[in-house]
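# Fold and contact review
For reference, the chains in residue letters:
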Amino acid sequence: MSLSVRARVAARDVDVDLEVAEGSIVAVLGPNGAGKSTLLGVVSGLLRPDEGCVELDGRVLTDTATGLAVPPHDRSVVLLAQQALLFPHLTVAGNVEFAPRSAGLGRREARARAAHWLREVDATDLADRRPHELSGGQAQRVALARALAADPHLLLLDEPMSALDVTATPVLRALLRRVLREAGRTALLVTHDPLDVLALADRAVVLENGRIVEDGPARQVLTRPRSAFGARIAGTNLVTGILREDALDTADGLVHGRLDPDCAPGLPAVAVFTPSAVAVYPELPHGSPRNALRVTVAELEARGATVLVRSTTGIAAEITTAALAELDVHPGSTVWFVVKATEVGIHSTAVRSQPRTAHDEHGGETEQVDHPTGDDEER
Amino acid sequence: MSGPSATGLRATGLPRWILVPAAVALLFVVVPLLAMVLTVDWAHFPALVTSPASVDALLLSLRTSAASTALCVLFGVPLAVMLARSNFPGLSVIRGFVLLPLVLPPVVGGIALLYTFGRRGLLGQYLDALGIQIAFTTTAVVLAQTFVALPFLVTSLEGALRTAGSRYEDIAATLGARPTTVFRRITLPLVLPGLVSGAVLAFARALGEFGATLTFAGSLQGVTRTLPLEIYLQRETDPDAAVALSLVLIAVAVVIVATVHSRGKDPVR
């Protein structure tokens, strides 16, 4: 076990217990204020938990029971934040040399190490620039080089791509993939982007209200989410309800779909389907489809060539702008959302009432059937 | 100035009547200066400001102000960092004490210093036993000036530190830099403009110091008689000399204000 965190921070109502295997990257998902930054703060030592223990590579960094709190500079844990936060009074090279110099390396060695990492992030030609002369993407690449030059045991990535523009994001994502995944680095990655999770993380945990409510292989959390936030981040619809004989009884109506083997009548479950599987009709279409939900439109969200029509109950339908013009849909209008039953997956959430143990107890049998993963080795 | 600022006023919707008291305030500062400049006896100006007493006073003022600015930086910077970066009960009380010399009449400060460093003072009696005398020496001038100038440096730097925030320092710490390294390589360089303007303000305050100096250090030519004291004395005997020296002091002050102002606009980020 490379990293183990157990922390309770009363002021922010955070209570987490997380273990990260050496060389793996764990994505931390969750809505704003869920406690993601608090978790990173506790691990980096910038924040002291009221109660808890942090251990990295067999070394105890924080232990409230003994009063131990290793200061941030002595943890070998480096933070890469949303803003690059390059030291404005130093050149790019000076920034990257900062950690090696702080570690006591000579000027020449530090310079060589900085040159190496600048090459790794394709920023060699930026070495003599000042931070204010860089674009957001360039600055974040340099910040990554600066972080890696510290040769940390653990990297904390706090939404490193959220402040970048659309062209810079894929570049940095590919770069992170190269320098983190291929080098087998251990990292915690806070993100809002499912692409980051798929590209970088082995595993994903979802934090809600300061608790881990979902924990599983990254792909599984995205494609078969059990928490509301997991579904939102994946852009997937997630409708909760109680199972009847062959359908899910939800607030929006009955939803039919492919039932998981462990689904049983009377138990809570979720229906999962993508917005693109939802068709929008002004009137109930003929032939009475099995899944027709009468909804009120809450908002329209442009997504390039398509538009996301979101209902007041949170279900999203993705339609073309042409279809939207024909439908005359606007917030407040009532429409029918129609979904093919074959496009809907229904998963049991029977033990979700105790979120922290839900996955452990639940995941074992059903997930392993069709998703054999290394997840269980970590427990 | 009138063209663009007049449109600026309309654009921001300021009431027009505000121009009147604003103009009065400005004139209140400018007119007395003008009045003095008009009184200067330009024919004798060079002779007046280069008399031995004047030169002694000016040099002493510059020397002691430089020394007290150095003391302010040496002890004020750590104090400002402590006020800006730490959080403990009683911090606001400490901040209040630091600001006290700003509102205290300088004469009172001088008396307080006399009862601390004077021959019979709290610390002075022990220093006297060791053969060290401070009151009525050039050292006393430096201490008096430091006493009144310190809050200027501390508050100005504390503001700069708070504005800069601690995010860079946090990052530097996670990169493995010890607190001393962070302080030396990140904190200080980032607030350097604030430190410079604070030091310049402290220097200016030290240069103009009168009450505390007179009370605690006396007025001995070449030893404790700084330029403001010289001006005050000359005013009794030779008003023309006093006006000429005042103009010198104004010139120095203008240079200082200009320096601070251009510094404040310097974008070091």
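Note that the coordinates shown come from a computational prediction; the quantities given were computed from them, not determined experimentally.

### Quick notes on the overall build of chain B
- The secondary structure content of chain B amounts to 14 helices and zero strands.
- Ordering the α and β elements of chain B from the N terminus gives α-α-α-α-α-α-α-α-α-α-α-α-α-α.
- Looking at chain B as a whole, 35% of its 269 residues are labelled buried.
- Sequence separation of 24 or more characterises 76% of the internal contacts of chain B that already satisfy a separation of 6 or more.

### Structural notes on the overall build of chain A
- Counting its regular elements, chain A contains ten helices and 22 strands.
- For chain A, contacts bridging at least 24 residues in sequence account for 65% of all contacts bridging at least 6.

### Considering the sheet that holds strand β3 (residues 25–29) of chain A
All names here are of chain A.
- On the basis of which strands lie adjacent, the open sheet formed by six strands has the order β7-β8-β9-β3-β10-β11 and mixed pairing. In this open sheet, the two strands that pair with only one neighbour each are β7 (77–80) and β11 (211–217). Looking at each pair of strands side by side, their axes are set apart by 20 degrees on average, direction ignored.
- Taken together, the four bridges between β3 and strand β9 (residues 187–190) define a ladder with parallel strand orientation.

### Observations concerning helix α4 (residues 136–149) of chain A
Residue and element names in this part refer to chain A.
- In a regular helix each residue adds 1.5 Å, so 14 residues correspond to 20 Å; α4 covers 20 Å between its end C-alpha atoms and thus fits that length.
- With 13 of 14 residues buried, α4 lies mostly within the body of the structure.
- Among the residues trailing α4, Asp151 stands out with phi positive, at a value near 50 degrees.

### Description of the interface of chain B and chain A
- Facing 17 residues of chain B, the contacting portion of chain A comprises 18 residues.
- Elements that contribute at least two residues to the side of chain B that touches chain A include exactly α9 (167–174) and α10 (179–190) of chain B.
- Here the side of chain B that touches chain A takes seven residues from α9 of chain B, the largest share from any one element.
- The residue inventory of the side of chain B that touches chain A, partitioned by class, reads ten nonpolar, three polar and four charged.

### A few points about the environment of Arg181 of chain A
All names here are of chain A.
- Looking at the element boundaries, Arg181 is found in helix α5 (residues 168–181).
- Spatially, the C-alpha atoms of Arg181 and Gly104 are 28 Å apart, while their sequence positions differ by 77 residues.
- Among all residues touching Arg181, those that are not within four sequence positions of it are Ile25 and Leu200.

### A closer look at the pairing of β7 of chain A
Residue and element names in this part refer to chain A.
- Burial along β7 is two-sided: Val77 and Leu79 and Val78 and Leu80, pointing in opposite directions, are all buried.
- By the bridge criterion, four bridges tie β7 to strand β8 (residues 154–158) in an arrangement that is parallel. Its bridge partner lying in β8, Val77 is registered against Leu154.

### Quick look at the sheet that holds strand β1 (residues 3–9) of chain A
All names here are of chain A.
- Strand order in the open sheet formed by five strands is β2-β1-β4-β5-β6, and the pairing between neighbours is antiparallel. The open sheet terminates on both sides in strands that have one partner only, identified here as β2 (14–20) and β6 (68–69).
- Sheet analysis places strand β4 (residues 51–56) next to strand β5 (residues 59–63), joined by four bridges and oriented antiparallel. In the sheet register, Val54 faces β5, and the bridge partner there is Thr62.

### Topic: the domain arrangement of chain B
All names here are of chain B.
- As assigned here, chain B comprises domain 1 (1–39) and domain 2 (45–264).
- Here the C-alpha centroids of domain 1 and domain 2 sit 31 Å apart.
- If you look at the interface, domain 1 gives four residues, while domain 2 gives four residues.
- Here the residues of the side of domain 1 that touches domain 2 sort into three nonpolar, one polar and no charged.

### A few points about the confidence of the model for chain A
Residue and element names in this part refer to chain A.
- Mean pLDDT over chain A: 83, with 88% of residues reaching 70 or higher.
- Across chain A, element-level confidence peaks in helix α2 (residues 92–102) with a mean pLDDT of 95 and bottoms out in helix α10 (residues 355–370) with 34.
- Every residue in residues 351–379 is under pLDDT 50, and counting partners more than four places away or in other chains gives 28 contacts.

### A closer look at the nonpolar core
- In terms of nonpolar packing, the biggest core is built from 122 residues, with Leu156, Leu188 and Leu189 of chain A touching the most fellow members.
- Looking at this core, the element that brings in the most residues is helix α8 (residues 138–164) of chain B, giving 15 residues.
- Residues within four places of Leu188 of chain A in sequence aside, it is in contact with Val20, Val26, Val28, Leu40, Val43, Leu156 and Leu157 of chain A.
- In this structure, Val239, Leu243, Ala247 and Ala316 of chain A belong to the second largest nonpolar core, which totals 28 residues.

### A word on unusual backbone geometry
Residues and elements named next belong to chain A.
- With a phi close to 50 degrees, Asp151 is a non-glycine residue in the positive phi region.
- Take Asp151: it is sitting in the loop between α4 and β8.
- Classification of Asp151 as partly exposed rests on a count of 14 C-beta atoms within 10 Å.
- At Asn209, a position not held by glycine, the phi torsion is positive, near 50 degrees.
- Inspection of the secondary structure assignment puts Asn209 in the loop between β10 (203–208) and β11.

### A word on the pairing of β8 of chain A
Residue and element names in this part refer to chain A.
- With respect to burial, β8 is a largely interior element, five of its five residues being buried.
- Taking every second residue as pointing to the same face, both faces of β8 are buried, with Leu154, Leu156 and Asp158 on one and Leu155 and Leu157 on the other.
- When β8 meets β9, the two strands line up parallel, connected through four bridges. Opposite Leu157, over in β9, you have Leu189 as the bridge partner.
- A crossover links β8 with its parallel partner β9, the connecting element being α5, and its sense is right-handed.

### Focus on the confidence of the model for chain B
Residue and element names in this part refer to chain B.
- The pLDDT averaged across chain B works out to 88; a share of 93% of its residues lies at or above 70.
- Within the model, the stretch residues 1–9 combines pLDDT values under 50 with one contact to residues more than four positions away or in other chains.
- Our summary of model confidence lists the complex with pTM equal to 0.71 and ipTM equal to 0.77.

### Digging into the environment of Thr38 of chain A
Residue and element names in this part refer to chain A.
- Within the secondary structure, Thr38 sits in helix α1 (residues 36–44).
- Judged by the 21 C-beta atoms lying within 10 Å of it, Thr38 is buried.
- Sequence spacing of Thr38 and Arg173 is 135 residues, and the spatial spacing of their C-alpha atoms is 24 Å.
- Once residues lying within four places of it in the same chain are set aside, the contact partners of Thr38 are Val9, Arg12, Val14 and Leu47.

What counts, and at which threshold
- Residues numbered from 1 in each chain as written.
- Chains lettered and ligands numbered in written order.
- Predicted model: local features only at pLDDT ≥ 70, side-chain atom pairs only at ≥ 80, totals over all residues.
- Helix = DSSP H or I, 4+ residues; strand = E, 2+ residues; numbered from the N terminus.
- Buried ≥ 20, exposed ≤ 12 C-beta atoms within 10 Å, placed from the backbone.
- Contact = placed C-beta atoms within 7 Å.
- Pairing = 2+ DSSP bridges.
- Axes fitted to C-alpha atoms, helices over the stretch in contact; angles between N-to-C directions.
- Expected span 1.5 Å × (residues − 1).
- Nonpolar A, V, L, I, M, F, W, Y, C, P; charged D, E, K, R; others polar.
- Domains from an automatic or database assignment.
- pLDDT = per-residue confidence, 0-100.
- Core = buried A, V, L, I, M, F, W, Y, C linked by C-beta atoms within 7 Å.
- Right-handed = clockwise from strand over helix to strand, strands pointing away.

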